Amino acid sequence: MHRSLSRFPAVALMIVVLALVVTQARAGERFITVTSTTSTQNSGLYGHLLPIFTGVTGIEVRVVAVGTGQAIRLARQGDADVLFVHHKASEEKFVAEGFGVARFDVMYNDFVIVGPKADPAKVRGMTDAAKALVKIAAAKAAFASRGDNSGTNKKELELWKTAGVDARGVSGSWYRETGSGMGATLNTASAMNAYALTDRATWIKFANKGDLAVMVEGDDRLYNQYGIILVSPAKHPHVKAKDGQAFIDWILSEDGQEAIAAYHISGEQAFFPNAARAGY
Amino acid sequence: MTDFGAAFAAAFAMVAGFDPDLAEIVGLSLQVSLLAVGLATVIGLPVGAAVALFRFPGRTALVVALNALMGLPPVVVGLIVYLLLSRAGPFGVLGLLFTPTAMIIAQVLLVTPIIAALTRQVVEDLWVEYEDQMRSLGAGPARALTALLWDGRFTLITAVLAGFGRASAEVGAVMIVGGNIDHVTRVMTTAIALEVSKGDLALALGLGIVLMTLSLAVNAAAFLVKETAQRHYG
(Lines give C-alpha, C1' and ligand atoms only; values in the text may rest on other atoms or scores of the structure.)
Protein backbone atom coordinates (compact mmCIF):
# COMPACT_ATOMS: atom_id res chain seq x y z
CA MET A 1 0.00 0.00 0.00
CA HIS A 2 3.04 2.29 0.20
CA ARG A 3 4.08 1.92 -3.37
CA SER A 4 2.31 5.01 -4.64
CA LEU A 5 3.29 7.15 -1.69
CA SER A 6 6.96 6.45 -2.23
CA ARG A 7 6.64 8.56 -5.35
CA PHE A 8 5.54 11.52 -3.23
CA PRO A 9 8.96 13.26 -3.16
CA ALA A 10 9.27 12.90 -6.93
CA VAL A 11 5.80 14.32 -7.52
CA ALA A 12 6.49 17.13 -5.06
CA LEU A 13 9.70 18.05 -6.85
CA MET A 14 7.91 17.97 -10.18
CA ILE A 15 5.26 20.42 -8.99
CA VAL A 16 7.89 22.83 -7.65
CA VAL A 17 9.90 22.69 -10.87
CA LEU A 18 6.75 23.14 -12.94
CA ALA A 19 5.80 26.18 -10.87
CA LEU A 20 9.21 27.73 -11.44
CA VAL A 21 9.33 26.97 -15.16
CA VAL A 22 5.83 28.24 -15.85
CA THR A 23 6.23 31.45 -13.91
CA GLN A 24 9.68 32.25 -15.22
CA ALA A 25 8.67 31.71 -18.83
CA ARG A 26 7.94 35.38 -19.31
CA ALA A 27 10.92 36.74 -17.40
CA GLY A 28 13.01 37.37 -20.50
CA GLU A 29 10.60 39.87 -21.96
CA ARG A 30 11.34 43.58 -22.23
CA PHE A 31 8.83 45.55 -20.20
CA ILE A 32 8.35 48.48 -17.87
CA THR A 33 5.93 48.80 -14.95
CA VAL A 34 3.76 51.90 -14.78
CA THR A 35 1.65 52.69 -11.73
CA SER A 36 -1.32 54.76 -12.67
CA THR A 37 -4.84 55.69 -11.69
CA THR A 38 -8.08 53.75 -11.87
CA SER A 39 -9.58 56.64 -13.84
CA THR A 40 -7.20 56.24 -16.78
CA GLN A 41 -7.63 52.47 -16.78
CA ASN A 42 -11.42 52.47 -16.36
CA SER A 43 -11.68 54.98 -19.19
CA GLY A 44 -10.03 52.47 -21.52
CA LEU A 45 -7.22 54.86 -22.53
CA TYR A 46 -4.43 52.32 -22.03
CA GLY A 47 -6.10 49.74 -24.22
CA HIS A 48 -5.89 52.32 -27.01
CA LEU A 49 -2.49 53.86 -26.25
CA LEU A 50 -0.19 51.06 -25.16
CA PRO A 51 -0.42 48.78 -28.22
CA ILE A 52 0.70 51.73 -30.37
CA PHE A 53 3.74 52.40 -28.16
CA THR A 54 4.65 48.71 -27.92
CA GLY A 55 4.32 48.41 -31.70
CA VAL A 56 6.80 51.25 -32.23
CA THR A 57 9.38 50.35 -29.58
CA GLY A 58 8.87 46.69 -28.70
CA ILE A 59 8.63 47.66 -25.03
CA GLU A 60 5.69 46.12 -23.21
CA VAL A 61 4.00 48.39 -20.65
CA ARG A 62 2.51 46.76 -17.56
CA VAL A 63 0.01 49.05 -15.90
CA VAL A 64 -0.90 48.67 -12.24
CA ALA A 65 -4.00 50.82 -11.80
CA VAL A 66 -4.66 52.02 -8.26
CA GLY A 67 -5.57 55.35 -6.64
CA THR A 68 -3.04 58.18 -7.03
CA GLY A 69 -2.09 57.94 -3.33
CA GLN A 70 -1.31 54.25 -3.57
CA ALA A 71 0.36 54.66 -6.96
CA ILE A 72 2.78 57.19 -5.46
CA ARG A 73 3.39 54.88 -2.49
CA LEU A 74 4.23 51.97 -4.83
CA ALA A 75 6.63 54.19 -6.80
CA ARG A 76 8.31 55.43 -3.61
CA GLN A 77 8.99 51.80 -2.66
CA GLY A 78 10.58 51.31 -6.06
CA ASP A 79 7.87 48.99 -7.34
CA ALA A 80 7.37 50.95 -10.57
CA ASP A 81 9.50 52.49 -13.30
CA VAL A 82 7.10 55.24 -14.27
CA LEU A 83 4.38 57.10 -12.34
CA PHE A 84 1.41 58.44 -14.34
CA VAL A 85 -1.13 60.12 -12.06
CA HIS A 86 -3.23 63.24 -11.52
CA HIS A 87 -2.48 65.30 -8.45
CA LYS A 88 0.12 67.95 -9.24
CA ALA A 89 1.01 68.91 -5.65
CA SER A 90 1.68 65.28 -4.66
CA GLU A 91 3.64 64.71 -7.86
CA GLU A 92 5.85 67.74 -7.26
CA LYS A 93 6.47 66.59 -3.70
CA PHE A 94 7.45 63.16 -5.05
CA VAL A 95 10.06 64.77 -7.31
CA ALA A 96 11.24 67.23 -4.66
CA GLU A 97 11.89 64.37 -2.25
CA GLY A 98 14.15 62.77 -4.81
CA PHE A 99 11.93 59.81 -5.73
CA GLY A 100 11.24 61.11 -9.21
CA VAL A 101 13.53 62.50 -11.91
CA ALA A 102 11.23 65.19 -13.34
CA ARG A 103 7.52 65.81 -13.82
CA PHE A 104 5.89 66.57 -17.17
CA ASP A 105 2.35 67.61 -18.02
CA VAL A 106 0.75 65.03 -20.31
CA MET A 107 -2.93 65.74 -20.77
CA TYR A 108 -6.00 67.02 -18.99
CA ASN A 109 -9.71 66.57 -18.80
CA ASP A 110 -12.10 67.70 -16.12
CA PHE A 111 -14.04 66.54 -13.12
CA VAL A 112 -17.81 66.72 -12.96
CA ILE A 113 -20.25 66.41 -10.09
CA VAL A 114 -22.86 63.81 -10.91
CA GLY A 115 -26.06 63.28 -8.99
CA PRO A 116 -29.60 61.91 -9.10
CA LYS A 117 -31.87 63.40 -11.75
CA ALA A 118 -34.37 64.33 -9.00
CA ASP A 119 -31.60 66.69 -7.76
CA PRO A 120 -32.64 67.08 -4.09
CA ALA A 121 -29.95 69.74 -3.50
CA LYS A 122 -30.97 71.78 -6.58
CA VAL A 123 -27.48 72.07 -8.03
CA ARG A 124 -28.20 71.18 -11.65
CA GLY A 125 -26.56 73.57 -14.07
CA MET A 126 -24.37 75.29 -11.49
CA THR A 127 -20.83 76.15 -12.61
CA ASP A 128 -19.40 76.90 -9.18
CA ALA A 129 -18.41 73.55 -7.70
CA ALA A 130 -17.76 74.88 -4.20
CA LYS A 131 -21.16 76.60 -4.01
CA ALA A 132 -22.79 73.40 -5.26
CA LEU A 133 -21.14 71.46 -2.44
CA VAL A 134 -22.42 74.01 0.08
CA LYS A 135 -25.96 73.39 -1.20
CA ILE A 136 -25.51 69.60 -1.09
CA ALA A 137 -24.30 69.86 2.52
CA ALA A 138 -27.16 72.18 3.46
CA ALA A 139 -29.70 69.76 1.96
CA LYS A 140 -27.90 66.85 3.65
CA ALA A 141 -28.20 65.09 0.31
CA ALA A 142 -26.27 61.82 0.04
CA PHE A 143 -22.73 62.28 -1.30
CA ALA A 144 -20.46 59.33 -2.15
CA SER A 145 -16.77 60.08 -1.65
CA ARG A 146 -13.85 57.93 -2.79
CA GLY A 147 -12.31 58.30 0.68
CA ASP A 148 -9.16 56.54 -0.58
CA ASN A 149 -6.56 59.32 -0.83
CA SER A 150 -6.71 59.12 -4.64
CA GLY A 151 -6.24 62.13 -6.91
CA THR A 152 -9.99 62.49 -7.30
CA ASN A 153 -10.45 62.21 -3.54
CA LYS A 154 -7.79 64.88 -2.91
CA LYS A 155 -9.50 67.17 -5.43
CA GLU A 156 -12.83 66.60 -3.73
CA LEU A 157 -11.43 67.38 -0.27
CA GLU A 158 -9.88 70.59 -1.64
CA LEU A 159 -13.31 71.59 -2.96
CA TRP A 160 -14.96 70.90 0.41
CA LYS A 161 -12.29 73.07 2.01
CA THR A 162 -13.04 75.88 -0.44
CA ALA A 163 -16.72 75.41 0.33
CA GLY A 164 -15.98 75.71 4.05
CA VAL A 165 -17.75 72.45 4.86
CA ASP A 166 -16.23 69.82 7.14
CA ALA A 167 -17.73 66.89 5.25
CA ARG A 168 -15.41 64.26 6.70
CA GLY A 169 -16.49 65.36 10.15
CA VAL A 170 -19.98 64.03 9.43
CA SER A 171 -18.78 60.95 7.55
CA GLY A 172 -21.31 58.16 7.87
CA SER A 173 -24.34 60.41 7.72
CA TRP A 174 -25.13 62.01 4.34
CA TYR A 175 -21.41 62.04 3.50
CA ARG A 176 -20.32 58.49 2.74
CA GLU A 177 -16.72 57.42 2.16
CA THR A 178 -16.59 54.24 0.09
CA GLY A 179 -12.83 53.76 0.41
CA SER A 180 -12.69 52.32 -3.10
CA GLY A 181 -11.95 53.11 -6.73
CA MET A 182 -13.80 55.52 -9.03
CA GLY A 183 -16.02 52.89 -10.64
CA ALA A 184 -16.88 51.22 -7.34
CA THR A 185 -17.79 54.60 -5.88
CA LEU A 186 -20.00 55.39 -8.87
CA ASN A 187 -21.71 52.01 -8.44
CA THR A 188 -22.41 52.97 -4.83
CA ALA A 189 -23.63 56.45 -5.79
CA SER A 190 -25.84 54.94 -8.47
CA ALA A 191 -27.34 52.46 -5.99
CA MET A 192 -28.17 55.06 -3.34
CA ASN A 193 -28.83 58.04 -5.59
CA ALA A 194 -25.97 60.04 -4.18
CA TYR A 195 -23.95 62.91 -5.60
CA ALA A 196 -20.30 62.17 -6.42
CA LEU A 197 -17.23 63.82 -7.92
CA THR A 198 -15.80 61.89 -10.87
CA ASP A 199 -13.42 62.48 -13.74
CA ARG A 200 -15.27 62.87 -17.00
CA ALA A 201 -13.57 59.99 -18.84
CA THR A 202 -14.57 57.38 -16.27
CA TRP A 203 -18.07 58.83 -16.22
CA ILE A 204 -18.57 58.63 -19.98
CA LYS A 205 -17.33 55.04 -20.05
CA PHE A 206 -19.23 54.00 -16.91
CA ALA A 207 -21.99 51.58 -17.85
CA ASN A 208 -24.10 51.52 -14.67
CA LYS A 209 -25.22 55.17 -14.51
CA GLY A 210 -28.69 54.29 -13.27
CA ASP A 211 -30.53 57.50 -12.40
CA LEU A 212 -27.39 59.63 -12.23
CA ALA A 213 -26.53 62.51 -14.57
CA VAL A 214 -23.97 65.32 -14.76
CA MET A 215 -25.11 68.14 -12.49
CA VAL A 216 -22.16 70.53 -12.17
CA GLU A 217 -19.41 71.19 -14.71
CA GLY A 218 -17.33 73.98 -16.19
CA ASP A 219 -15.69 75.30 -13.01
CA ASP A 220 -11.97 76.10 -13.49
CA ARG A 221 -11.36 74.33 -10.19
CA LEU A 222 -12.63 71.09 -11.79
CA TYR A 223 -9.62 71.05 -14.11
CA ASN A 224 -7.89 67.63 -14.02
CA GLN A 225 -4.22 67.60 -15.03
CA TYR A 226 -2.27 64.38 -15.55
CA GLY A 227 1.50 64.23 -15.11
CA ILE A 228 4.18 61.64 -15.80
CA ILE A 229 7.38 61.02 -13.84
CA LEU A 230 10.32 58.64 -14.22
CA VAL A 231 11.12 57.00 -10.88
CA SER A 232 14.64 58.02 -9.88
CA PRO A 233 17.27 55.41 -10.74
CA ALA A 234 19.52 57.14 -8.20
CA LYS A 235 17.03 56.18 -5.49
CA HIS A 236 16.16 52.77 -6.92
CA PRO A 237 19.00 51.39 -9.09
CA HIS A 238 16.84 48.62 -10.57
CA VAL A 239 14.52 51.13 -12.26
CA LYS A 240 14.47 50.60 -16.03
CA ALA A 241 15.43 54.19 -16.71
CA LYS A 242 16.12 53.87 -20.42
CA ASP A 243 12.89 52.10 -21.36
CA GLY A 244 10.89 54.16 -18.88
CA GLN A 245 12.27 57.37 -20.39
CA ALA A 246 11.46 56.02 -23.86
CA PHE A 247 7.81 55.69 -22.78
CA ILE A 248 7.75 59.20 -21.35
CA ASP A 249 9.44 60.62 -24.46
CA TRP A 250 6.86 58.92 -26.65
CA ILE A 251 3.89 60.08 -24.57
CA LEU A 252 5.18 63.66 -24.78
CA SER A 253 6.05 63.41 -28.48
CA GLU A 254 3.75 64.55 -31.25
CA ASP A 255 2.84 60.92 -32.02
CA GLY A 256 1.97 60.15 -28.40
CA GLN A 257 -0.01 63.34 -27.96
CA GLU A 258 -1.96 62.72 -31.16
CA ALA A 259 -2.72 59.18 -30.02
CA ILE A 260 -4.17 60.59 -26.78
CA ALA A 261 -6.27 63.13 -28.67
CA ALA A 262 -7.56 60.40 -30.96
CA TYR A 263 -9.05 58.40 -28.09
CA HIS A 264 -12.80 58.88 -28.03
CA ILE A 265 -15.47 57.28 -25.86
CA SER A 266 -18.97 57.28 -27.35
CA GLY A 267 -17.85 59.98 -29.77
CA GLU A 268 -16.45 62.24 -27.05
CA GLN A 269 -12.76 63.07 -26.72
CA ALA A 270 -11.73 61.71 -23.32
CA PHE A 271 -8.36 63.41 -22.72
CA PHE A 272 -6.81 66.59 -24.10
CA PRO A 273 -3.04 66.40 -24.62
CA ASN A 274 -1.08 69.40 -23.32
CA ALA A 275 2.55 68.39 -23.06
CA ALA A 276 4.73 71.51 -23.17
CA ARG A 277 7.31 69.88 -25.43
CA ALA A 278 4.95 69.05 -28.22
CA GLY A 279 3.89 72.65 -28.52
CA TYR A 280 0.24 72.07 -27.70
CA MET B 1 -33.58 41.32 -13.76
CA THR B 2 -32.38 42.33 -17.20
CA ASP B 3 -28.83 42.14 -15.80
CA PHE B 4 -29.15 38.41 -15.20
CA GLY B 5 -30.32 37.73 -18.72
CA ALA B 6 -27.56 39.93 -20.10
CA ALA B 7 -25.02 38.13 -17.89
CA PHE B 8 -25.93 34.72 -19.25
CA ALA B 9 -25.87 36.11 -22.78
CA ALA B 10 -22.43 37.65 -22.13
CA ALA B 11 -21.11 34.42 -20.62
CA PHE B 12 -22.42 32.41 -23.54
CA ALA B 13 -21.03 34.84 -26.12
CA MET B 14 -17.59 34.78 -24.49
CA VAL B 15 -17.42 31.00 -24.32
CA ALA B 16 -19.02 30.32 -27.69
CA GLY B 17 -16.84 32.93 -29.41
CA PHE B 18 -13.61 31.50 -27.90
CA ASP B 19 -12.71 35.02 -26.82
CA PRO B 20 -8.86 34.91 -26.81
CA ASP B 21 -8.63 37.36 -23.90
CA LEU B 22 -10.98 35.20 -21.88
CA ALA B 23 -8.99 32.08 -22.74
CA GLU B 24 -5.81 33.81 -21.55
CA ILE B 25 -7.41 34.89 -18.27
CA VAL B 26 -8.93 31.46 -17.66
CA GLY B 27 -5.58 29.83 -18.47
CA LEU B 28 -3.70 32.03 -16.02
CA SER B 29 -6.34 31.51 -13.31
CA LEU B 30 -6.03 27.75 -13.62
CA GLN B 31 -2.25 27.90 -13.81
CA VAL B 32 -1.90 30.04 -10.69
CA SER B 33 -4.53 28.29 -8.59
CA LEU B 34 -3.66 24.71 -9.57
CA LEU B 35 0.08 25.26 -9.01
CA ALA B 36 -0.60 26.98 -5.69
CA VAL B 37 -2.85 24.11 -4.60
CA GLY B 38 -0.25 21.59 -5.83
CA LEU B 39 2.47 23.23 -3.74
CA ALA B 40 0.14 23.63 -0.76
CA THR B 41 -0.74 19.93 -0.99
CA VAL B 42 2.92 18.95 -1.05
CA ILE B 43 3.47 20.97 2.13
CA GLY B 44 0.09 20.54 3.80
CA LEU B 45 -0.35 16.75 3.65
CA PRO B 46 2.86 15.79 5.50
CA VAL B 47 2.55 18.69 7.95
CA GLY B 48 -1.08 17.85 8.74
CA ALA B 49 -0.32 14.15 9.13
CA ALA B 50 2.70 14.85 11.33
CA VAL B 51 0.68 17.08 13.65
CA ALA B 52 -1.96 14.33 13.84
CA LEU B 53 0.46 11.55 14.75
CA PHE B 54 3.29 12.99 16.81
CA ARG B 55 3.01 14.23 20.38
CA PHE B 56 5.13 17.27 21.20
CA PRO B 57 4.94 20.35 23.44
CA GLY B 58 2.63 23.03 22.08
CA ARG B 59 0.81 20.57 19.84
CA THR B 60 -2.64 21.65 20.99
CA ALA B 61 -1.77 25.28 20.35
CA LEU B 62 -0.53 24.34 16.88
CA VAL B 63 -3.76 22.48 16.12
CA VAL B 64 -5.82 25.50 17.15
CA ALA B 65 -3.52 27.82 15.18
CA LEU B 66 -3.81 25.66 12.05
CA ASN B 67 -7.59 25.67 12.33
CA ALA B 68 -7.63 29.44 12.83
CA LEU B 69 -5.31 30.00 9.86
CA MET B 70 -7.95 28.42 7.61
CA GLY B 71 -9.67 31.78 7.97
CA LEU B 72 -6.66 33.89 6.96
CA PRO B 73 -8.00 37.04 5.28
CA PRO B 74 -6.68 37.08 1.67
CA VAL B 75 -6.17 40.84 1.75
CA VAL B 76 -3.89 40.51 4.80
CA VAL B 77 -1.89 37.75 3.14
CA GLY B 78 -1.67 39.94 0.04
CA LEU B 79 -0.37 42.83 2.09
CA ILE B 80 2.24 40.69 3.87
CA VAL B 81 3.47 39.15 0.61
CA TYR B 82 3.52 42.62 -0.95
CA LEU B 83 5.71 43.98 1.87
CA LEU B 84 8.05 40.99 1.53
CA LEU B 85 8.35 41.20 -2.26
CA SER B 86 8.35 44.97 -2.66
CA ARG B 87 11.64 46.41 -3.90
CA ALA B 88 11.97 48.03 -0.49
CA GLY B 89 11.27 44.69 1.23
CA PRO B 90 13.59 41.81 2.16
CA PHE B 91 13.01 39.85 -1.06
CA GLY B 92 12.79 42.88 -3.35
CA VAL B 93 15.91 41.98 -5.31
CA LEU B 94 14.13 38.94 -6.75
CA GLY B 95 11.81 41.26 -8.71
CA LEU B 96 8.82 38.98 -8.14
CA LEU B 97 6.18 41.61 -7.35
CA PHE B 98 3.42 41.89 -9.98
CA THR B 99 4.21 38.45 -11.44
CA PRO B 100 2.22 35.20 -11.41
CA THR B 101 4.91 33.81 -9.08
CA ALA B 102 3.94 36.37 -6.44
CA MET B 103 0.30 35.33 -6.82
CA ILE B 104 1.22 31.67 -6.39
CA ILE B 105 3.21 32.46 -3.23
CA ALA B 106 0.26 34.34 -1.73
CA GLN B 107 -2.18 31.55 -2.56
CA VAL B 108 0.14 28.86 -1.17
CA LEU B 109 0.09 30.78 2.13
CA LEU B 110 -3.72 30.90 2.01
CA VAL B 111 -4.31 27.29 1.01
CA THR B 112 -1.65 25.37 2.97
CA PRO B 113 -3.34 25.85 6.38
CA ILE B 114 -6.66 24.64 4.94
CA ILE B 115 -5.14 21.45 3.56
CA ALA B 116 -2.95 20.89 6.64
CA ALA B 117 -5.80 21.40 9.10
CA LEU B 118 -8.23 19.13 7.24
CA THR B 119 -5.49 16.49 6.73
CA ARG B 120 -4.75 16.62 10.45
CA GLN B 121 -8.36 15.79 11.26
CA VAL B 122 -8.63 12.98 8.69
CA VAL B 123 -5.36 11.31 9.73
CA GLU B 124 -6.08 11.70 13.44
CA ASP B 125 -9.44 9.96 13.03
CA LEU B 126 -7.81 7.11 11.11
CA TRP B 127 -5.08 6.82 13.73
CA VAL B 128 -7.66 6.45 16.50
CA GLU B 129 -9.22 3.66 14.47
CA TYR B 130 -6.03 1.79 13.54
CA GLU B 131 -3.55 2.61 16.30
CA ASP B 132 -3.71 -0.77 18.09
CA GLN B 133 -3.54 -2.69 14.87
CA MET B 134 -0.57 -0.70 13.62
CA ARG B 135 1.36 -0.85 16.86
CA SER B 136 0.86 -4.65 16.96
CA LEU B 137 2.42 -4.73 13.50
CA GLY B 138 5.32 -2.76 14.92
CA ALA B 139 4.44 0.48 13.09
CA GLY B 140 4.88 3.65 15.15
CA PRO B 141 3.67 7.11 14.13
CA ALA B 142 6.48 7.60 11.62
CA ARG B 143 5.63 4.46 9.65
CA ALA B 144 1.92 5.11 10.10
CA LEU B 145 2.19 8.59 8.53
CA THR B 146 2.55 7.45 4.96
CA ALA B 147 0.22 4.50 5.49
CA LEU B 148 -2.59 6.65 6.85
CA LEU B 149 -2.18 9.35 4.20
CA TRP B 150 -2.54 6.62 1.61
CA ASP B 151 -5.47 5.11 3.45
CA GLY B 152 -7.25 8.45 3.68
CA ARG B 153 -6.49 9.51 0.11
CA PHE B 154 -10.08 9.65 -1.07
CA THR B 155 -11.16 11.80 1.86
CA LEU B 156 -8.09 13.98 1.42
CA ILE B 157 -9.16 14.81 -2.12
CA THR B 158 -11.95 16.82 -0.50
CA ALA B 159 -9.37 18.70 1.57
CA VAL B 160 -7.43 19.56 -1.58
CA LEU B 161 -10.63 20.64 -3.34
CA ALA B 162 -11.46 22.92 -0.40
CA GLY B 163 -8.04 24.47 -0.94
CA PHE B 164 -8.70 24.86 -4.64
CA GLY B 165 -12.02 26.51 -3.86
CA ARG B 166 -10.25 29.09 -1.73
CA ALA B 167 -7.52 29.71 -4.28
CA SER B 168 -9.75 30.10 -7.31
CA ALA B 169 -12.29 32.29 -5.52
CA GLU B 170 -10.11 34.81 -3.71
CA VAL B 171 -9.43 38.25 -5.11
CA GLY B 172 -7.87 40.18 -2.22
CA ALA B 173 -4.40 38.66 -2.30
CA VAL B 174 -3.86 38.32 -6.05
CA MET B 175 -5.10 41.87 -6.64
CA ILE B 176 -2.43 43.33 -4.34
CA VAL B 177 0.56 41.19 -5.28
CA GLY B 178 -0.37 40.67 -8.94
CA GLY B 179 -1.57 44.18 -9.70
CA ASN B 180 -4.27 42.96 -12.14
CA ILE B 181 -1.99 43.74 -15.11
CA ASP B 182 -3.61 43.04 -18.47
CA HIS B 183 -2.10 39.96 -20.19
CA VAL B 184 0.30 39.40 -17.27
CA THR B 185 -1.42 38.95 -13.93
CA ARG B 186 -5.12 39.37 -14.72
CA VAL B 187 -7.11 36.36 -13.51
CA MET B 188 -10.84 35.64 -13.38
CA THR B 189 -11.49 37.24 -10.01
CA THR B 190 -9.51 40.42 -10.66
CA ALA B 191 -11.10 40.71 -14.11
CA ILE B 192 -14.52 40.50 -12.47
CA ALA B 193 -13.53 43.20 -9.97
CA LEU B 194 -12.35 45.40 -12.85
CA GLU B 195 -15.58 44.99 -14.84
CA VAL B 196 -17.60 45.81 -11.72
CA SER B 197 -15.57 48.99 -11.32
CA LYS B 198 -16.29 49.89 -14.93
CA GLY B 199 -19.96 49.49 -14.12
CA ASP B 200 -20.31 46.68 -16.66
CA LEU B 201 -22.21 44.43 -14.29
CA ALA B 202 -23.51 42.07 -16.97
CA LEU B 203 -20.01 41.31 -18.24
CA ALA B 204 -18.76 40.94 -14.66
CA LEU B 205 -21.52 38.48 -13.84
CA GLY B 206 -20.89 36.70 -17.14
CA LEU B 207 -17.25 36.21 -16.10
CA GLY B 208 -18.55 35.00 -12.74
CA ILE B 209 -20.66 32.38 -14.47
CA VAL B 210 -17.64 31.21 -16.46
CA LEU B 211 -15.58 31.02 -13.24
CA MET B 212 -18.23 28.97 -11.44
CA THR B 213 -18.55 26.65 -14.43
CA LEU B 214 -14.78 26.19 -14.37
CA SER B 215 -14.84 25.39 -10.67
CA LEU B 216 -17.64 22.91 -11.30
CA ALA B 217 -15.57 21.26 -14.05
CA VAL B 218 -12.51 20.92 -11.81
CA ASN B 219 -14.61 19.41 -9.02
CA ALA B 220 -16.39 17.06 -11.41
CA ALA B 221 -13.04 15.90 -12.79
CA ALA B 222 -11.75 15.27 -9.26
CA PHE B 223 -14.93 13.35 -8.43
CA LEU B 224 -14.57 11.16 -11.52
CA VAL B 225 -10.92 10.42 -10.76
CA LYS B 226 -11.85 9.54 -7.20
CA GLU B 227 -14.74 7.28 -8.24
CA THR B 228 -12.67 5.47 -10.85
CA ALA B 229 -9.75 5.03 -8.49
CA GLN B 230 -12.00 3.85 -5.69
CA ARG B 231 -13.49 1.21 -7.98
CA HIS B 232 -10.06 -0.04 -9.03
CA TYR B 233 -8.10 0.18 -5.80
CA GLY B 234 -10.73 0.82 -3.15
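Each value, and the rule that gives it
Residues numbered from 1 in each chain as written. Chains lettered and ligands numbered in written order. Predicted model: local features only at pLDDT ≥ 70, side-chain atom pairs only at ≥ 80, totals over all residues. Heavy atoms only, no water. Helix = DSSP H or I, 4+ residues; strand = E, 2+ residues; numbered from the N terminus. Buried < 20%, exposed > 50% of the residue type's maximum accessible area, 1.4 Å probe, protein only. Contact = heavy atoms within 4.5 Å. Areas by Shrake-Rupley, 256 points an atom, 1.4 Å probe, with all protein chains shown as cover. Lys, Arg positive; Asp, Glu negative; His and termini not counted. Charge placed at Lys NZ, Arg CZ, Asp CG, Glu CD. Buried area = accessible area lost by both parts, 1.4 Å probe. Salt bridge = Lys/Arg side-chain N within 4 Å of Asp/Glu carboxyl O. Nonpolar A, V, L, I, M, F, W, Y, C, P; charged D, E, K, R; others polar. Domains from an automatic or database assignment. Patch = residues over 30% accessible without salt bridge, like charges linked within 9 Å, V, L, I, M, F, W, Y side chains within 5 Å. Axes fitted to C-alpha atoms, helices over the stretch in contact; angles between N-to-C directions. Parallel < 35°, antiparallel > 145°, perpendicular 65-115°, else oblique. Left-handed = near helix turned anticlockwise from the far one by under 90°. Core = buried A, V, L, I, M, F, W, Y, C linked by side-chain atoms within 4.5 Å.

Helix and strand counts for chain B stand at ten helices and zero strands. When the elements of chain B are put in sequence order from the N terminus, they spell out α-α-α-α-α-α-α-α-α-α. With respect to the three principal axes, the spread of C-alpha positions in chain B is 65 × 50 × 30 Å. The buried share of chain B, taken over its 234 residues, is 49%. Pairs at least 24 residues apart make up 73% of the contacts formed inside chain B by residues separated by at least 6 positions. For chain B, the computed accessible surface area is about 10,800 Å², with 71% contributed by carbon and sulfur atoms. A distance of 10 Å separates the average location of the 12 positive side-chain charges in chain B from that of its 15 negative side-chain charges.

With that settled, consider the interface of chain B and chain A. Counting residues at the interface gives 36 residues for chain B, matched by 33 residues for chain A. Together, the buried faces of chain B and chain A total about 2,900 Å²; carbon and sulfur atoms form 67% of this surface. Of all residues in chain B, B:Arg87, B:Trp150 and B:Lys198 bury the most surface against chain A, accounting for 19% of the area lost on that side. Viewed at the interface, chain A and chain B are joined by zero salt bridges. No other element matches the seven residues that helix α2 (residues 20-53) of chain B contributes to the side of chain B that touches chain A. Looking at the side of chain B that touches chain A residue by residue, the classes come out as 21 nonpolar, ten polar and five charged.

On to the domain arrangement of chain A. All names here are of chain A. Taken domain by domain, chain A holds domain 1 (29-107 + 227-273) and domain 2 (110-222). A straight line from the C-alpha centre of domain 1 to that of domain 2 covers 26 Å. The partner domain 2 presents 17 residues to the 16 residues of domain 1 that form the contact. Roughly 1,200 Å² of surface becomes buried between domain 1 and domain 2 when both sides are summed, with 58% attributable to carbon and sulfur atoms.

Once that is clear, we can look at a nonpolar patch on the surface. All names here are of chain B. A cluster of nonpolar side chains, Val75, Val76, Ile80, Leu84, Phe91, Val93 and Leu94, forms an exposed patch at the surface whose accessible area comes to about 640 Å². With respect to the element layout, Leu94 can be found in the loop between α4 (74-85) and α5 (100-136). Judged by its relative accessible area of 52%, Leu94 is exposed.

When two helices pack together, their arrangement is given by the angle between the helix axes and by the axis-to-axis distance. All names here are of chain B. Interhelical geometry of α2 versus helix α7 (residues 153-169) gives an angle of 140° and a closest axis separation of 9 Å. In this view, α2 runs oblique relative to α7, as classed from their interaxial angle. Taken as a pair, α2 and α7 cross one another with a handedness that is right-handed. Of the residues in α7, those touching α2 at Leu30, Ser33, Leu34, Val37, Thr41 and Leu45 are Leu156, Val160, Gly163, Phe164, Ala167 and Ser168. Classifying every residue of the contact of α2 with α7 by side-chain character gives eight nonpolar, four polar and no charged.

What follows covers the nonpolar core. Counting residues in each nonpolar core, the largest one holds 63 residues, and the members touching the most others are A:Leu83, A:Phe94, B:Leu53 and B:Leu148. Among the elements that take part in this core, α5(B) stands out by supplying 13 residues, more than any other. Every residue in contact with B:Leu53, bar those within four places of it in the chain, is listed here: B:Val123, B:Trp127, B:Pro141, B:Ala144, B:Leu145 and B:Leu148. Counting 31 residues, the second-largest nonpolar core is a separate cluster that includes A:Val34, A:Phe84, A:Ile265 and A:Phe271.

This part takes up helix α8 (residues 182-191) of chain A. Residue and element names in this part refer to chain A. Burial analysis of α8 places seven of its ten residues in the buried class, the great majority of the element. Taken together, the buried positions of α8 are Met182, Gly183, Thr185, Leu186, Asn187, Ala189 and Ser190. At the C-terminal side of α8, Asn193 shows a positive phi close to 50°.

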